[in-house]
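Residue strings, one per chain:
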Amino acid sequence: KILQMIQSKKLIHFFLILFSGILMANRGGSPGGRTGSTTDKGTCSSNGGCHAGGPSTVTVQDYILTNVPISGYVPGQTYTVSLNPSKDGISVWGFEMMAEDANGNAVGEFISNSDANAMNNGERATHKFSSTSGTGKKLWDVLWKAPKAGTGPITFYAASLAANGNGNTNGDNVLTDTATVIEGAPSSVWSVDWEKVRIYP
């Protein structure tokens, strides 16, 4: 009987380690394909996501901000795309983001920094383990390099997990948002003709 108890405790310990490993992996970043974009068709609370099945809800907030000027992005220029979701009672945060053109293609390149990791060769960005904590709100500043000229308007898609840290999906929410930027008009360079100047005494 003692041997059975030891074996069952080992089994429980094994599952606890396995479950915590899965949680830790998600704290280190999204598994991918969960931004709610036209390509992904879902978030982590839908489409087979790891937070599906619980009372998770998907709500929309205006929390994507960029320093792309109103006149549009300049191809090849690097910009900051900030995510600033907020929700009372939340202590654990995560996100995944991507940028799509009008045809649903991933465009531009996300660059890893202290707040986020680039994934899929820069097609997406996600949180780091060190950037998942925050009481009631969170701020991530993500770097994004604009694509080549002629790409046209671009829409950023972001899904942020707002979790209460109770160890299950009860009370968790997924906050989604989109933001569209246009491509700046190419600058014109006028040719300048210099006239010879002759100076007389």
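What you are looking at is a predicted structure, and each value in this text was computed from that prediction instead of being measured.

Caption draft 1: Highlighting the overall build of the protein chain. Scanning the protein chain from terminus to terminus reveals one helix and ten strands. The N-to-C order of helical and strand elements in the protein chain reads α-β-β-β-β-β-β-β-β-β-β. Within the protein chain, the fraction of its 201 residues that count as buried is 40%. A separation of at least 24 residues holds for 69% of the contacts in the protein chain among residues at least 6 apart in sequence. Summed over its atoms, the accessible surface of the protein chain is roughly 12,000 Å², and 57% of this surface lies on carbon and sulfur atoms.

Caption draft 2: Layout of the environment of Ser114. Relative to the helices and strands, Ser114 resides in the loop between strand E5 (109-111) and strand E6 (116-119). Taking the C-alpha atoms as reference, Ser114 lies 8.0 Å from Lys128; in sequence the two are 14 residues apart. Setting aside its immediate chain neighbours within four residues, Ser114 contacts Lys128 and Ser130.

Caption draft 3: Examining the pattern of salt bridges more closely. If you walk through the whole model with that rule in mind, you get two salt bridges. Note that Arg124 is salt-bridged to Asp40, the shortest N-O span being 2.7 Å. Of this pair, Arg124 sits in strand E7 (residues 124-127) while Asp40 sits in the loop between helix H1 (2-27) and strand E1 (57-60), and the two are 84 residues apart along the sequence. With relative accessibility at 7%, the residue Arg124 sits in the buried group. Assessed through its relative accessible area of 7%, Asp40 is described here as buried. In this structure, Glu96 engages Arg124 in a salt bridge whose closest nitrogen and oxygen atoms are separated by 2.6 Å. Placement of the pair is Glu96 in strand E4 (residues 92-100) and Arg124 in strand E7, with a sequence separation of 28 residues. Judged on exposure class, the residue Glu96 and its partner Arg124 are both buried.

Caption draft 4: Up close: the pairing of strand E8 (residues 140-145). On E8, burial follows the alternation: Trp140, Val142 and Trp144 on one face are buried, whereas Asp141, Leu143 and Lys145 on the facing-out side are not. Note: strand E3 (residues 78-83) against E8, six bridges, orientation antiparallel. Bridged to Ser82 within E8 is Asp141. Both E5 and E8 contribute to a ladder of three bridges, which runs antiparallel. In the sheet register, Glu109 faces E8, and the bridge partner there is Lys145.

Criteria and cut-off values
Once a new chain begins, its residue numbering starts again from 1 and follows that chain's sequence as written. Given that the model is predicted, a residue must reach a pLDDT of at least 70 before its local features are reported, and side-chain atom pairs must reach 80 or more before they are shown or counted; all residues, however, enter totals for whole chains, interfaces and linings. With hydrogens and water excluded, all non-hydrogen atoms of the structure serve as input to the side-chain values. The secondary structure listing takes helices from DSSP runs of H or I that are at least 4 residues long and strands from runs of E that are at least 2 residues long, numbered from the N terminus. Under the scheme applied here, a residue whose accessible area is under 20% of the maximum for its type counts as buried, over 50% as exposed, and between as partly exposed, the area being computed with a 1.4 Å probe on protein chains only. Contacts are residue-level and defined by heavy atoms, with any inter-residue pair within 4.5 Å sufficient. Areas reported here follow the Shrake-Rupley algorithm with a probe of radius 1.4 Å; residue values treat only the protein chains shown as occluding. Any carboxyl oxygen of Asp or Glu that lies within 4 Å of a side-chain nitrogen of Lys or Arg is treated as forming a salt bridge with it. Only strands joined by at least two bridges in the DSSP assignment are considered to pair.

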